[in-house]
Amino acid sequence: MRTPPEGAHALVVGASGISGSALVRQLGAAGWRVTGLSRSPVPGSPAGHVAADLRSPESLREALGDLGPTHVFITAWSRQETEAENIRVNGGMVRDLLAVLGPQGTLRHVALVTGLKHYLGPFEAYGRGDLPDTPFLEDAERLPVDNFYYVQEDELFAAAAAHGFTWSVHRSHTVIGHAVGNAMNLASTLAAYAGIQRHLGRPLVFPGSRAQWDGVVDLTDADLLADHQLWAATTPAAADTAFNVVDGDLVRWRRLWPRLAEHLGVEAQGPGDEPQPLEQQMAGAEDVWAELVAQHELVEPDLARVASWWHTDADLGREVEVFADVTRSRLLGWTGFVSTERALLRLVDRYRAERLVP
């Protein structure tokens, strides 16, 4: 638990997402005053709520004009069709948010969650060209390509210099946690895939590349990411620093995949000579999902709110090894660790218990 500094008021931007909802829970448990910013309130959340459109400076000014938070945690982003649009929209979100909050004079620290595309490149150049060696180190030079993560960082650095607050950047890998309707949810995606395959009497075919099947990889548990943000926000030595944050162990899908399949009651099958993307395998699966909703009394009839085929395809289809170093955090005293396999299976069980997946 990370005790709040005196007078602390945390604003969680993206409070309904995987990362944001985990952070709200931990802040509330630690005794922080918390406000969540999202388009609509999160049922059962311990946080107060403000509604705003992050893409609208006017909406931000109206919602946040006199809020006066001391600590801001930015966990939201908006996927666009091109990287140029990602830069315009997501860089603009950080700029416009801090343009409203900075002049209020209350900010002490702002945390920004990004990811390993900092080292891999944006979707349009993902995993191509000369990449840093693994494990990725935080001081690796930026890639010579446009990347909205770089623009977000630069907006954060500029606002910190102008308004006198400290900052931290948290570069997570694929985040696994609890949320519904999230655009990048590997755990619920794989659980939904398994339910559909089991219903059809088909095996759980690994949809990705042999490089991902055979290589080592890491993930980031949402609760661990939340703890890392709170640690950085309350540890003076961690101020003004960018960090990788991953579970701390390494897994191989060729070992984890059969365990996941067994846990979900379906036969496991490894990759073919070429990736077999879920977007192709699951094309037209909405009718099957409707049958599963009726059979298992599932609470989410919209398959698109449970499964993000495109994002899991990107993760599992990479042809390069991906894992990150967390020595920088360790040297400053952060000791967080999560077993990726146990966290994934526990999360799948939670989704099933809540009847979000069969």
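Below is a summary of the structure that appears in this document. (Residues numbered from 1 in each chain as written. Predicted model: local features only at pLDDT ≥ 70, side-chain atom pairs only at ≥ 80, totals over all residues. Heavy atoms only, no water.)

### Brief notes about the overall build of the chain
Part 1 of the reasoning: Regarding its fold elements, the chain presents 14 helices and 13 strands.
Part 2 of the reasoning: Computed over its C-alpha atoms, the radius of gyration of the chain comes to 20 Å, within 12% of the 21 Å expected for a compact globule of 358 residues.
Part 3 of the reasoning: A buried classification covers 56% of the 358 residues belonging to the chain.
Part 4 of the reasoning: Across the chain, every contact between residues at least 6 apart in sequence was considered, and the portion connecting residues at least 24 apart equals 79%.
Part 5 of the reasoning: Per element, the accessible surface of the chain, about 14,800 Å² overall, is 48% carbon and sulfur.
Part 6 of the reasoning: Distance between charge centroids for the chain: 4 Å, based on 30 positive and 46 negative side chains. (Helix = DSSP H or I, 4+ residues; strand = E, 2+ residues; numbered from the N terminus. Rg over C-alpha atoms; globule rule 2.2 N^0.38 Å. Buried < 20%, exposed > 50% of the residue type's maximum accessible area, 1.4 Å probe, protein only. Contact = heavy atoms within 4.5 Å. Areas by Shrake-Rupley, 256 points an atom, 1.4 Å probe, with all protein chains shown as cover. Lys, Arg positive; Asp, Glu negative; His and termini not counted. Charge placed at Lys NZ, Arg CZ, Asp CG, Glu CD.)

### Details of the side chain of Ser209
Part 1 of the reasoning: Its location among the elements puts Ser209 in the loop between strand 8 (204-205) and helix 7 (210-214).
Part 2 of the reasoning: Once residues within four sequence positions are removed from consideration, Ser209 is found in contact with Pro275, Leu316, Gly317, Arg318 and Glu319.

### Remarks on the nonpolar core
Part 1 of the reasoning: One finds Leu27, Phe73, Ile196, Trp253, Trp257 and Trp289 to be the most contacted residues of the largest nonpolar core, which totals 75 residues.
Part 2 of the reasoning: If near-sequence neighbours (up to four positions away) are discounted, Trp257 is found in contact with Leu190, Tyr193, Leu204, Val205, Phe206, Pro207, Trp213, Ala268, Gln269 and Leu316.
Part 3 of the reasoning: Counting 30 residues, the second largest nonpolar core, distinct from the first, contains Leu54, Ala76, Leu112 and Phe165. (Core = buried A, V, L, I, M, F, W, Y, C linked by side-chain atoms within 4.5 Å.)

### Quick word on empty space enclosed by the protein
Part 1 of the reasoning: Taken as a whole, this structure holds three cavities of 30 Å³ or more when the rule is applied.
Part 2 of the reasoning: Of the voids in this model, the largest cavity is the one considered here, and its volume is about 40 Å³.
Part 3 of the reasoning: Taken together, His173, Thr174, Leu186, Gln212, Val217, Asp218, Leu219, Trp253, Asp315, Leu316 and Arg318 make up the lining of the largest cavity.
Part 4 of the reasoning: For the lining of the largest cavity, the residue count by class is five nonpolar, three polar and three charged.
Part 5 of the reasoning: Looking at the second largest cavity, the residues that line it are Ala179, Val180, Asn185, Ser188, Arg305, Val306, Tyr351 and Leu356.
Part 6 of the reasoning: Here the lining of the second largest cavity is composed, by residue class, of five nonpolar, two polar and one charged. (1 Å grid on protein atoms, 1.4 Å probe; cavity = no way out; pocket = protein on both sides within 12 Å on 5 of 7 lines; lining within 4 Å. Points joined across faces, edges and corners; volume = space filled by probe spheres on them. Nonpolar A, V, L, I, M, F, W, Y, C, P; charged D, E, K, R; others polar.)

### Focus on the pattern of salt bridges
Part 1 of the reasoning: Counting across every chain of the model gives 15 salt bridges.
Part 2 of the reasoning: Salt-bridge contacts for Asp227 lead to Arg2; the nearest nitrogen and oxygen are separated by 3.0 Å. Highlighted residues: Asp227 in helix 8 (residues 222-234) and Arg2 in the segment before strand 1 (9-13), separated in sequence by 225 residues.
Part 3 of the reasoning: Relative accessible area serves as the criterion here: at 17%, Asp227 is assigned to the buried category.
Part 4 of the reasoning: For Arg142, the salt bridge goes to Asp154, with nearest N and O atoms at 3.0 Å. Here the residue Arg142 occupies a position in the loop between helix 4 (117-120) and helix 5 (148-163), and Asp154 occupies one in helix 5, the gap between them amounting to 12 residues.
Part 5 of the reasoning: Of the residues examined, Asp154 reaches a relative accessible area of 38% and is grouped as partly exposed.
Part 6 of the reasoning: Members of the salt-bridge network, linked through shared partners, are Arg142, Glu153, Asp154 and Arg171. (Salt bridge = Lys/Arg side-chain N within 4 Å of Asp/Glu carboxyl O.)

### Thoughts on the packing of helix 3 (residues 83-101) against helix 5
Part 1 of the reasoning: Two elements in contact, helix 3 and helix 5, have axes whose closest approach is 8 Å; the angle formed by their N-to-C orientations is 20 degrees. Classified by the interaxial angle, the pair formed by helix 3 and helix 5 is roughly parallel. In terms of crossing hand, the pair formed by helix 3 and helix 5 is right-handed. From helix 3, Glu83, Asn86, Ile87, Asn90, Gly91, Val94, Arg95 and Leu98 reach across to helix 5, where they touch Phe148, Val151, Gln152, Glu155, Leu156, Ala159 and His163. (Axes fitted to C-alpha atoms, helices over the stretch in contact; angles between N-to-C directions. Parallel < 35°, antiparallel > 145°, perpendicular 65-115°, else oblique. Left-handed = near helix turned anticlockwise from the far one by under 90°.)

### Examining the environment of Arg328
Part 1 of the reasoning: Among the structural elements, Arg328 can be located in helix 13 (residues 327-331).
Part 2 of the reasoning: On a C-alpha basis, the gap between Arg328 and Ala307 in space is 34 Å, while along the polypeptide they are 21 residues apart.
Part 3 of the reasoning: One polar contact links the side chain of Arg328 to the main-chain carbonyl oxygen of Ala242, over a distance of 2.7 Å. (Polar contact = N/O pair within 3.5 Å; in protein donor to acceptor, adjacent residues only side chain to side chain.)

### Here we look at the layout of surface pockets
Part 1 of the reasoning: Estimated volume of the second largest pocket: approximately 200 Å³.
Part 2 of the reasoning: Lining the second largest pocket are Arg25, Ile176, Gly177, His178, Asp221, Ala222, Asp223, Ala343, Arg346, Leu347 and Arg350.
Part 3 of the reasoning: Contributions of two or more residues to the lining of the second largest pocket are made by helix 8 and helix 14 (340-353).
Part 4 of the reasoning: In the lining of the second largest pocket, the residues fall into four nonpolar, two polar and five charged.

### A few points about the environment of Val348
Part 1 of the reasoning: Residue position: Val348 is located in helix 14.
Part 2 of the reasoning: Spatially, the C-alpha atoms of Val348 and Leu260 are 9.1 Å apart, while their sequence positions differ by 88 residues.

### What about the sheet that holds strand 1?
Within a sheet, adjacent strands bond to each other through the backbone by hydrogen bonds, running parallel or antiparallel.
Part 1 of the reasoning: Spatial strand order, 3-2-1-4-5-6-11: seven strands in an open sheet with parallel pairing. The two strands at the open ends of the sheet, each matched to only one other strand, are strand 3 (48-50) and strand 11 (241-245). Recorded for the sheet is a direction-independent mean angle of 20 degrees between the axes of neighbouring strands.
Part 2 of the reasoning: Against the sheet, helix 1 (residues 18-29) contacts strand 1, strand 2 (33-37) and strand 4 (71-74), and its axis sits at roughly 165 degrees relative to strand 1. (Pairing = 2+ DSSP bridges.)

### Let's talk about the packing of aromatic side chains
Part 1 of the reasoning: Enumeration according to the criterion identifies 13 aromatic pairs in this entry.
Part 2 of the reasoning: With a centroid separation of 6.0 Å and 75 degrees between ring planes, the pair formed by Trp253 and Trp257 is classed as edge-to-face. Note that Trp253 and Trp257 are positioned in helix 9 (residues 253-263) at a spacing of four residues, about one turn of the helix.
Part 3 of the reasoning: The exposure class of Trp253 is buried, given its relative accessible area of 2%.
Part 4 of the reasoning: Among the aromatic residues, those joined into a cluster by ring pairs are Trp77, Phe123, Tyr126, Phe148, Tyr149 and Trp310.
Part 5 of the reasoning: If you follow Arg79 out to its NZ or CZ, it ends over the ring of Phe123, 5.9 Å from the centre.
Part 6 of the reasoning: Lying across the ring of Trp310, Arg79 places its NZ or CZ 3.5 Å from the centre. (Phe/Tyr/Trp six-rings, centres within 6.5 Å; stacked < 30°, edge-to-face > 60°. Lys NZ or Arg CZ within 6 Å of the ring centre and 35° of its normal.)

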